[in-house]
Amino acid sequence: MNKMIPAAEALPLNQILPGDCIEVMNSLPEGSVDLIFADPPYNLQLKGDLHRPDNSKVDAVDDEWDQFASFKVYDDFTREWLAAARRLLKPNGAIWVIGSYHNVFRMGAELQNQGFWILNDVVWRKSNPMPNFRGKRLTNAHETLIWAQKSEDSKATFNYEALKSLNEGVQMRSDWVIPICNGGERLKDDNGEKAHPTQKPEALLHRVLVGTTNPGDVVLDPFFGTGTTGAVAKMLGREFIGIEREEAYRKVAEKRISKIRKFDKEALTVSTSKRAEPRVAFGQLVERGMLRPGETLIGPRGQIAKVRADGTLISGEARGSIHQVGAALESAPSCNGWTYWAFKRDGKTVSIDVLRQQIRAEMR
């Protein structure tokens, strides 16, 4: 169990903190954050302006915050902010970083250097990428996300069933097709220009947060920009902390997040794996009188078994657990006794799994 954070070190939840991300992270209490989503400067190394075939200028990333004198300077910066981030994570915390070919490999190496344990790399394939106007390279149609937990022994949150549900019942893959941020979602400044050159789509953060956090978790974004992480976190009932040194971005983010309403509690509940459910022994049903010794259970084809005081069943020569007896009657290598057996109540046939779910509800 994680240590409680002293009152004097209470986290500045649901706030956007100004300043340098490394300094601000180092001022926060150690081991206090569940997840970090980081979209650091890409260090694009642009050489001059980029123009379309009609000679119009492309609104590319040429801001001062993306300028680094050398790869060494960028690597030093990466090492420092990742160290500050790792210090903030709880023992079972995790981090997502996103980048392009300019920087993601350098971040991946530093993650491993610092002891993070990489779980997946995800290719975000943009369904509507910007064309390559110079025609000298392939169109950059994707970015890469790296998902890593704090250490090899950590147990990071992974809502497998929830992501499967998002993907029409099919296991979620590591290539995600999501459009870039455009249309009404693209935030504009007072002059009608893009408020931020690399604003991420809410769909991307929705998938990350639904899949790897739970309601109430604390999510930190050290490069907050215009607040996509905070907006989605607020909608999904997560707590957020944003760090952003640029005042213009903070103002846009604050205005944006102030308009967000959190989904109701029922809407925030996601599908969970059966393996994550509390374990219930069939004997507990007998101990609690939900089923009585000597009571008859019924199989799907009318097979009969009698409940014994120790939570086992007997049916003819077959004796053992609900699973073993079911398998013996079916001449099968295994059987899920919870869905196999039923009992009679008020003239109706009821699955014994209904009783298990009642106990699980109490345990939750």
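Here is a short report on the structure shown in this document. Treat the numbers as computed from the prediction; the structure is a model and nothing was measured. (Residues numbered from 1 in each chain as written. Predicted model: local features only at pLDDT ≥ 70, side-chain atom pairs only at ≥ 80, totals over all residues. Heavy atoms only, no water.)

Description of the sheet that holds strand β8 (residues 239-244)
Going by this rule: Any two strands with at least two DSSP bridges between them are considered paired. For helices the rule is a DSSP run of H or I covering at least 4 residues; for strands it is a run of E covering at least 2, with both sets numbered from the N terminus onward. Helix axes use the C-alpha atoms of the stretch in contact, all axes being lines fitted to C-alpha atoms, and the angles between their N-to-C directions lie in the range 0 to 180 degrees. By definition, residues are in contact when any of their heavy atoms lie within 4.5 Å.
With respect to topology, 8 strands assemble into an open sheet ordered β1-β8-β7-β2-β3-β5-β4-β6, the strand pairing being mixed. Each of the sheet's edge strands pairs with one partner strand only, and the pair in question is β1 (15-18) and β6 (175-177). Averaged over all pairs of adjacent strands, the angle between strand axes in this sheet comes to 20 degrees, irrespective of strand direction. Strand direction decides the pairing type here: β1 and β8, joined by 4 bridges, are parallel. The residue of β8 that forms the bridge with Ile16 is Gly242. Each of β3 (89-99), β4 (117-125) and β5 (142-149) is contacted by helix α3 (residues 104-113), which is oriented at about 165 degrees to β3, the strand it contacts most.

Thoughts on the packing of helix α6 (residues 228-235) against helix α7 (residues 247-258)
Going by this rule: The cut-offs work like this: below 35 degrees is roughly parallel, past 145 is roughly antiparallel, 65 to 115 is roughly perpendicular, and the gaps in between are oblique. Handedness of a crossing is defined here by the sense of rotation of the near helix relative to the far one, left-handed for an anticlockwise turn of less than a right angle and right-handed for a clockwise turn. Residue type decides the class: Asp, Glu, Lys and Arg count as charged, Ala, Val, Leu, Ile, Met, Phe, Trp, Tyr, Cys and Pro as nonpolar, and the leftover types, Gly among them, as polar.
Running from amino to carboxyl end, α6 crosses α7 at an angle of 15 degrees, the nearest separation of the two axes being 9 Å. Regarding the angle of α6 to α7, the classification is roughly parallel. α7 is crossed by α6, and the crossing has right-handed handedness. Across the interface between the two elements, Thr228, Gly230, Ala231 and Lys234 of α6 pack against Arg256, Ile257 and Ser258 of α7. Taken together, the residues of the contact of α6 with α7 sort by class into 2 nonpolar, 3 polar and 2 charged.

Comments concerning the side chain of Arg238
Note the cut-off: Accessible area is worked out with a 1.4 Å probe on protein chains only. A residue is then buried under 20% of its type maximum, exposed over 50%, and partly exposed in between. Residues scored as charged are limited to Lys and Arg (positive) and Asp and Glu (negative), so that His and the chain ends carry no count. Any carboxyl oxygen of Asp or Glu that lies within 4 Å of a side-chain nitrogen of Lys or Arg is treated as forming a salt bridge with it. Whenever a nitrogen or oxygen atom comes within 3.5 Å of another N or O atom, the pair is scored as a polar contact, on the condition that within protein one atom can donate a hydrogen and the other can accept it, and that pairs from neighbouring residues in sequence are kept only if both atoms are in side chains.
For Arg238, the location among the structural elements is in the loop between α6 and β8. One buried charge, Arg238, has no salt-bridge partner; the nearest side chain with opposite charge is Asp217, at 5.9 Å. Within polar-contact distance, the side chain of Arg238 engages the side chain of Thr213 at 2.8 Å.

Some details on helix α2 (residues 71-88)
This is how the line gets drawn: The span expected for a helix works out to 1.5 Å for each residue beyond the first. Taking the helix axis as origin, the arc is that swept by the directions to the C-beta atoms.
For α2, with 18 residues, the first-to-last C-alpha span of 26 Å sits near the 26 Å given by 1.5 Å per residue. Taken residue by residue, α2 has Tyr74, Phe77, Thr78, Trp81, Leu82, Ala84, Ala85 and Leu88 as its buried positions. One face of α2 carries all of its buried residues, which in axial projection span an arc of 160 degrees. In the core, the buried residues of α2 are packed alongside α1 (21-27), β2 (33-38), β3, α3 and β7 (218-221).

A short note on the side chain of Lys200
Residue placement: Lys200 occurs in the loop between β6 and α5 (202-212). There is a polar contact of 3.1 Å between the side chain of Lys200 and the side chain of Tyr42. Beyond its immediate sequence surroundings of up to four residues, Lys200 is in contact with Asp39, Tyr42, Ile98, Trp124, Glu143, Cys181, Glu185, Leu205 and Thr228.

Quick look at the packing of α2 against α3
One way to put it is that α2 packs onto α3 with a least axis distance of 10 Å and a crossing angle of 45 degrees. Comparing the axis directions of α2 and α3 gives the class oblique. Judged by the twist between their axes, the crossing of α2 over α3 is right-handed. On the side of α2, the interface is formed by Phe71, Tyr74, Asp75, Thr78, Arg79, Trp81 and Leu82, while α3 contributes Arg106, Met107, Glu110 and Leu111. The residue inventory of the contact of α2 with α3, partitioned by class, reads 6 nonpolar, 1 polar and 4 charged.

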